[in-house]
Amino acid sequence: MTHRTRRSSRLLGAGLTAGVLMAGVAAAAPAAAATPTVSCTSAKAGLAAKLKKDITAALANRKGTVAVGLYDRTTGTTCTLRASTAFDSASVVKVTVLSALLWDAQKTGRALTSREKTLATAMITKSDNASTSTLWKQLGPTRIKNFLTAAKMTQTKPGANGYWGLTQITVTDEQKLLKLLTARNTVLTDASRGYVNTLMGKVVSTQRWGTPYGRPAGVSWHVKNGWLSRSTHGWRVHSVGTFQGGGHDYVMTILTHGNSTMNYGISTIQGVAKVIHKDLAAS
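Only a predicted model underlies this, so the values are computations on that prediction, with no experimental measurement involved.

Novice: Now, about empty space enclosed by the protein: what can you tell me, with residues and values included?
Specialist: According to the stated counting rule, one finds 1 cavity of 30 Å³ or more in the structure shown. In this model, the largest cavity occupies a volume close to 60 Å³. Lining the largest cavity are Val93, Thr96, Val97, Ala100, Trp136, Ile144, Leu148, Thr156, Pro158, Thr167, Ile169 and Glu174. When residues of the lining of the largest cavity are traced back to their parent elements, those giving at least two are helix H3 (93-107) and helix H5 (129-150). In terms of residue count, H3 provides more of the lining of the largest cavity than any other element does, 4 residues in total. Along the lines of polarity and charge, the residues of the lining of the largest cavity split into 8 nonpolar, 3 polar and 1 charged.

Novice: Could you give me a rundown of unusual backbone geometry, with the residues and numbers involved?
Specialist: Glycine aside, residues mostly have negative phi, and peptide bonds are mostly found in the trans state. Unusually for a residue other than glycine, Arg82 sits at a positive phi of about 50°. Looking at where Arg82 falls in the secondary structure, it is placed in the loop between strand E3 (77-81) and strand E4 (87-88). Although it is not a glycine, His233 sits at a positive phi angle of roughly 65°. Relative to the elements of secondary structure, His233 occurs in the loop between strand E6 (220-229) and strand E7 (235-245).

Novice: Quick one: what's the story with the state of the cysteines, residue by residue and with numbers?
Specialist: For the structure shown, the criterion picks out 1 disulfide. What pairs with Cys40 in a disulfide is Cys79, and their sulfur atoms sit 2.1 Å apart. A torsion of 115° about the S-S bond marks the disulfide between Cys40 and Cys79 as right-handed. Of the two residues, Cys40 sits in strand E1 (residues 39-41) while Cys79 sits in strand E3, which places them 39 residues apart along the sequence. Each member of the pair Cys40 and Cys79 is classed as buried.

Novice: Can you lay out the pairing of strand E2 (residues 65-72) for me, pointing to particular residues and giving the numbers?
Specialist: For E2, a buried count of 7 out of 8 residues is recorded, marking the element as mostly surrounded by other parts of the structure. Judged from the 8 bridges that link them, E2 and strand E8 (residues 248-259) form a sheet pairing that is antiparallel. The residue of E8 that forms the bridge with Tyr71 is Val251. Both E2 and E3 contribute to a ladder of 5 bridges, which runs antiparallel. What sits directly across from Asp72, in E3, is Thr77. Counted along the chain from E2 to the antiparallel partner E3, the turn is 4 residues long, and its residue Gly76 has a positive phi close to 60°.

Novice: Lay out the pairing of E7 in plain terms, naming residues and giving numbers.
Specialist: On a regular strand, one side chain projects to one face of the sheet and the next to the other, so that they alternate. Buried residues dominate E7, accounting for 10 of its 11 residues. The pairing of E6 with E7 spans 10 bridges and is antiparallel. Bridge pairing in E7 places Leu228 opposite Arg236. Where E6 hands over to E7, the hairpin turn is made up of 5 residues, of which His233 adopts a positive phi near 65°. Where E7 meets E8, 10 bridges bridge the pair, whose relative direction is antiparallel. Note that in E8 the partner of Ser239 across the bridge is Ile254.

Quick notes on the rules
Residues numbered from 1 in each chain as written. Predicted model: local features only at pLDDT ≥ 70, side-chain atom pairs only at ≥ 80, totals over all residues. Heavy atoms only, no water. 1 Å grid on protein atoms, 1.4 Å probe; cavity = no way out; pocket = protein on both sides within 12 Å on 5 of 7 lines; lining within 4 Å. Points joined across faces, edges and corners; volume = space filled by probe spheres on them. Helix = DSSP H or I, 4+ residues; strand = E, 2+ residues; numbered from the N terminus. Nonpolar A, V, L, I, M, F, W, Y, C, P; charged D, E, K, R; others polar. Disulfide = S-S within 2.5 Å. Buried < 20%, exposed > 50% of the residue type's maximum accessible area, 1.4 Å probe, protein only. Pairing = 2+ DSSP bridges.

Next comes the structure, spelled out in structure tokens:
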């Protein structure tokens, strides 16, 4: 592989700038279903109806395709919109990469090396793409797929040929991963979960937009965002986050494509996040 080819591969995996898609690489995201509606259930009286109404209103005049997932353990609340629609992952896949690395290390009872910790920290806190490419290559397709199987993330399809940013993700699977990170389970140890959460809580200030927007004071956040422009479906802009405090323990995934600009996608995500935080805080 030439230096130029390697650089193109990294850029496409990164997906952080417009126009990085090379001719001949086909878009993989399917068309969204026609006018799906937000679905919410809750053990808390009135909360599901309030969330359904407010999320729907937040999206009423927004262009593009938006998928939403919310789960609050405290009130037994779940909301979904286009839960199985596939999106190019962009950088939110980095949480999956780190989780797979830790899961694989657990199997032999080893700790991450200082090199792996350096790469993981840059990958999550700064969304560094070269670090991600290194870890993606180190893991290889088999170990990544084995982690997805263990995590029951059956709708996630790893990007081929090193293009980690073109991994196909869904709200359903991202929510499964966030749930694993926020409660004891048999897939990730407490130490592994704690490590991922620590890094997601140290994301640089310029990348703290998205799902944390509008959270009440005193509610902790952990976030990972992704953004990628391609010749079809415009900007993909995504945000996954976990939140705890104010009597709630919840995880949120918002995936979008068809945005005219990155900022438009961010505004759409934050409009939804704001009403979710508000409604949960009032419940």
